[in-house]
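# Coordinate analysis (summary)
Listed here are the chains, written in short residue letters.
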Amino acid sequence: MLNRIFLIIILLNISLNSFSNNANRYFLKGYKSFNQKKYNQALGYFFNGLKFKTNANVYNLIGHIYSYKKNYRKALIYYRKAFRLKPNHVETNVYMGLTLRRLKMNKECIKYFDTAIRLQKLTGKKIPYWWYFNPGFSYLSFKKYSKSLKYFSVVYSGNYSGKIKNQALFYVCFIHYYLKKYNRFLKNALLFVSKNQEKSKLLLMNKFIANVYLKRNKISRAIKYAKKCGKDFWIYKIFSPKKFTFTCRYNLKLLQYRKPGMYYIPLPYKTEYQKLVSVKSNPDYLKIIHRQGETYALYDFTKGFPSNFTLSFTVHRRIIFQKPGSLSRVVQRRSRFAFFSMPKVYTHNAVLYDYGNPLVNITFNKMFKPGRTNIEQASAFARYMRKYIPHVKVKYNIKTRSGKRNIEYYSNLIKKISGVFKYKTGHCVHRPNAFTALIRKLNIPARSVLGFALNTAEKFSGLEEDGHGLVEVLDIKSKKWYQISIDFEQLWLNSWVHVLWYRETVSKPKNYLLLHIAYYLKKLRGSIHWKAEFIDKY
């Protein structure tokens, strides 16, 4: 009996050895074909050998062949088989992670790269940089920025070539930007642009830097880096200093209801961000007059109005951050600024200020919170207007079917500031006036400002839609007016490119001609042409 069992064991060993030898023959032929890049032939040998014996390395090689053919799903099947046989094999974990990433299975791939990194550290060998990059990119794909940052930071601080470290630094900067860690972003980004020469990445990084400086209201630095992105980049296009040249033409003989005499025509006034450089006209003006912050040209039309009146002026304009130090409430009603802080019923720019309307009070009470400073409260009102009361361009003669009324339709119904809060819309005259009303209910001086929104390099206009309005609030201590925007996130920038032609004042001079509005442009067959040029210095 024992002899019989012994004989069976010998026969089994002989059989196993022959199976092993057959498998090894096929595997060796498969390795040779694989090295010669005869992949289909190699697959045949590998599959024949696997009939006799399983082998983790062979499964990995089959996975490689399917990866070369870009059949990643089939490659993954064989990498998984190799992983089951050798779960602590470094390369198998890497192959698994890389294939899963190619299949966009980002969450699953991370654990295999982490295992490969951990096992490689035990051997003391250097870890290839892309073992860190792949899980870093995977975390980026589902916006886990903090986790992604760890992988790129290891490469940047590790023993890698300068080119690889620059790549890692780029993504470190990118992640800090999206995490809103702007101090760290600027520190690394400025280092990156000083060392890197790759144009595409330099362009993108300069855009990020310009955006961060703009968010911090450092306009000159934002322009410096925006300029490196080209003149078509929006920050440079909007915020760089410009020279605007206006040419206006009117037939003043059509002023039939006005008597000949001395007349004042308003010009752009001088501010911290805007200055009038030159004025020319035909016929010529008598003199330039400055009054209550306004600028006028005085004309002698005692002998009659000219049929071809031409006015040309040049303005330099820049955009600056101009947040006031404080906003104080007017207590004394005899103050020179009391006019701008009194919530009374009156008409301005064809909009009735009906302060007593319940809708105005409801909106004010909804947004007012005790404990806020006046600047915080004004900013809260501005954010409310920007978010909940969208701007709509002026449109005339709108035809709407019954039951279908769009916001343009409602905009044309608005005759009072309460209508802005009722219909939740308004154009660039409605919204600033409504915002002015909210500020004045705080007894803070505020006034509406109108002008041209010059967002193109060159424009010909005779339409009111090119006008725009915003609001100025007064810092009583410095006696300076500051623009506050309800259209942009940066509230305290004079964001619109304005050449201002009208603003609310206590009194206007007699014989005042406000030519640059739609009514006069149409009535006097007028036209306004402007041209913008970039200037290096304001």
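Here we summarise the structure given alongside this text. (Residues numbered from 1 in each chain as written. Predicted model: local features only at pLDDT ≥ 70, side-chain atom pairs only at ≥ 80, totals over all residues. Heavy atoms only, no water.)

### Some details on the overall build of the protein chain
Applied cut-off: A run of H or I in DSSP becomes a helix once it reaches four residues, and a run of E becomes a strand once it reaches two; helices and strands are each numbered from the N terminus. Only protein chains enter the area calculation, which uses a 1.4 Å probe; residues under 20% of their type maximum are buried, those over 50% are exposed, and those in between are partly exposed. Contact definition: two residues touch when any of their heavy atoms are within 4.5 Å. Values of accessible area rely on a 1.4 Å probe in the Shrake-Rupley scheme; residue burial ignores everything except the protein chains shown.
Check the secondary structure of the protein chain and you find 19 helices and 14 strands. For the protein chain, the residues scored as buried account for 50% of the 538 residues in total. When contacts within the protein chain are restricted to residue pairs at least 6 apart in sequence, long-range pairs at least 24 apart make up 66% of them. For the protein chain, the exposed surface amounts to about 28500 Å²; the carbon and sulfur share of it is 52%.

### A look at the nonpolar core
Counted only if it meets this: By convention a nonpolar core is built from buried Ala, Val, Leu, Ile, Met, Phe, Trp, Tyr and Cys residues, the set being connected through side-chain atoms within 4.5 Å.
If you look at the biggest cluster of nonpolar residues, it comprises 49 residues, and the most contacted ones within it are Phe-46, Ile-62, Trp-131, Tyr-132 and Val-155. Setting aside its immediate chain neighbours within four residues, Ile-62 contacts Leu-43, Phe-46, Phe-47, Leu-50 and Tyr-78.

### Let's talk about the pairing of strand β4 (residues 287–291)
In regular strands, side chains alternate between the two faces of the sheet. Operational definition: Strands are labelled as partners when DSSP assigns at least two bridges between them.
By the bridge criterion, five bridges tie β4 to strand β5 (residues 294–301) in an arrangement that is antiparallel. The residue bridging Arg-291 from the neighbouring strand is Glu-294, located in β5. Between the antiparallel neighbours β4 and β5 lie two residues, among them Gln-292 with a positive phi of about 50 degrees.

### Structural notes on the pattern of salt bridges
We apply this condition: A side-chain nitrogen of Lys or Arg and a carboxyl oxygen of Asp or Glu constitute a salt bridge if their distance falls within 4 Å.
According to the stated counting rule, one finds three salt bridges in the structure shown. Across the pair Glu-272 and Lys-480 runs a salt bridge whose closest N-O atoms are separated by 3.1 Å. Here Lys-480 lies in strand β12 (residues 480–484) and Glu-272 lies in the loop between β2 (261–267) and β3 (274–282), a separation of 208 residues in the sequence. Relative accessible area serves as the criterion here: at 42%, Glu-272 is assigned to the partly exposed category. One salt bridge connects Arg-447 with Glu-472, and the closest N-O pair in it is separated by 2.8 Å. Within this pair, whereas Arg-447 is found in strand β9 (residues 446–453), its partner Glu-472 is found in strand β11 (residues 467–475), the two being separated by 25 residues in sequence. By relative accessible area, which is 2% here, Glu-472 ends up buried.

### Looking at the packing of aromatic side chains
Where we set the bar: Centre distance within 6.5 Å is the pairing criterion for rings of Phe, Tyr and Trp, where only the six-membered ring of Trp is used; planes under 30 degrees apart are then read as stacked, over 60 as edge-to-face, and the remainder as tilted. Note on geometry: a ring has a charge over it if NZ (lysine) or CZ (arginine) is within 6 Å of the ring centre and within 35 degrees of the ring normal.
In this structure the tally under the stated criterion is 48 aromatic pairs. Judged by centre distance (5.8 Å) and plane angle (75 degrees), the rings of Phe-133 and Phe-137 are edge-to-face. Here Phe-133 and its partner Phe-137 are both found in helix α7 (residues 129–141), four residues apart, which amounts to about one turn of the helix. The partly exposed category is assigned to Phe-137, whose relative accessible area is 22%. When the centroid spacing of 4.6 Å and the interplanar angle of 35 degrees are considered together, the rings of Tyr-177 and Phe-208 count as tilted. A residue pair is termed long-range when its members are at least 10 positions apart, and Tyr-177 in helix α9 (residues 162–178) and Phe-208 in helix α11 (residues 199–215) qualify at 31 residues. Among the residues examined, Tyr-177 registers a relative accessible area of 12% and is labelled buried. By the ring-pair criterion, three or more aromatic residues cluster together here, those being Tyr-129, Phe-133, Phe-137, Phe-152, Phe-170, Tyr-171 and Phe-192. Directly above the aromatic system of Phe-142 lies the positively charged group of Lys-107, at a separation of 5.5 Å from the ring centroid. For the cation-ring pair, Lys-441 lies above Phe-364, with the distance from its terminal atom to the ring centre recorded as 5.6 Å.

### Quick look at a positive patch on the surface
So the rule is basically this: Residues form patches when they are more than 30% accessible in relative terms and have no salt bridge. Like charges link within 9 Å. Nonpolar side chains (Val, Leu, Ile, Met, Phe, Trp, Tyr) link within 5 Å. His residues and chain termini do not enter the charge count, which takes Lys and Arg as positive and Asp and Glu as negative. Where a charge lies is defined by one atom per residue type, namely NZ (Lys), CZ (Arg), CG (Asp) and CD (Glu).
A cluster of like positive charges, contributed by Arg-216, Lys-218, Arg-221, Lys-224 and Lys-228, occupies part of the molecular surface. Note that Lys-224 resides in helix α12 (residues 219–227).

### Let's talk about the packing of helix α3 (residues 56–68) against helix α4 (residues 72–85)
Applied cut-off: In this analysis an axis means a line fitted to C-alpha atoms, helices contributing only their contacting stretch, and an angle means the value between N-to-C directions, from 0 to 180 degrees. Angular relationships are summarised with four words: roughly parallel below 35 degrees, roughly antiparallel beyond 145, roughly perpendicular across 65 to 115, and oblique for the angles in between. Crossing handedness: left-handed means the near helix sits turned counterclockwise from the far one by under a right angle, and right-handed means the same turn made clockwise.
Contact geometry for α3 and α4: axes closest at 8 Å, N-to-C directions at 165 degrees. Classified by the angle between their axes, α3 and α4 sit roughly antiparallel to one another. Regarding α3 and α4, the two cross each other, and that crossing is left-handed. In contact with Ala-56, Tyr-59, Asn-60, Ile-62, Gly-63, His-64, Tyr-66 and Ser-67 of α3, α4 contributes Tyr-72, Lys-74, Ala-75, Tyr-78, Tyr-79, Lys-81, Ala-82 and Leu-85.

### Things to note about α11
For clarity, the threshold we go by: Helix span, expected: 1.5 Å multiplied by one less than the number of residues in the helix.
An ideal rise of 1.5 Å per residue puts 24 Å on 17 residues; α11 measures up with 24 Å between its terminal C-alpha atoms. Of the residues making up α11, those classed as buried are Lys-201, Leu-202, Met-205, Asn-206, Phe-208, Ile-209, Ala-210, Asn-211, Val-212, Tyr-213 and Leu-214. Once α11 ends, the next one or two residues include Asn-217, with phi positive near 65 degrees.

### Structural notes on the environment of Gln-41
Just so we agree on the cut-off: For this analysis, a polar contact is any N or O atom pair within 3.5 Å, provided that within protein one partner can donate a hydrogen and the other can accept it, and provided that sequence-adjacent residues contribute only side-chain to side-chain pairs.
In this structure, Gln-41 sits in helix α2 (residues 39–50). The class of Gln-41 is partly exposed, set by a relative accessible area of 40%. Sequence separation of Gln-41 and Lys-29 is 12 residues, and the distance between their C-alpha atoms is 9.1 Å. In terms of polar contacts, Gln-41 uses its side chain to reach the side chain of Ser-33, at 2.8 Å.

### Quick look at the side chain of Ser-240
Along the chain, the position of Ser-240 falls in the loop between α13 (234–239) and β1 (242–250). Ser-240 sits in the buried class, given a relative accessible area of 2%. A polar side-chain atom of Ser-240 sits 2.6 Å from the main-chain carbonyl oxygen of Tyr-236. Ignoring sequence-local partners within four residues, the contact set of Ser-240 consists of Ile-223, Ile-235, Arg-317 and Phe-534.

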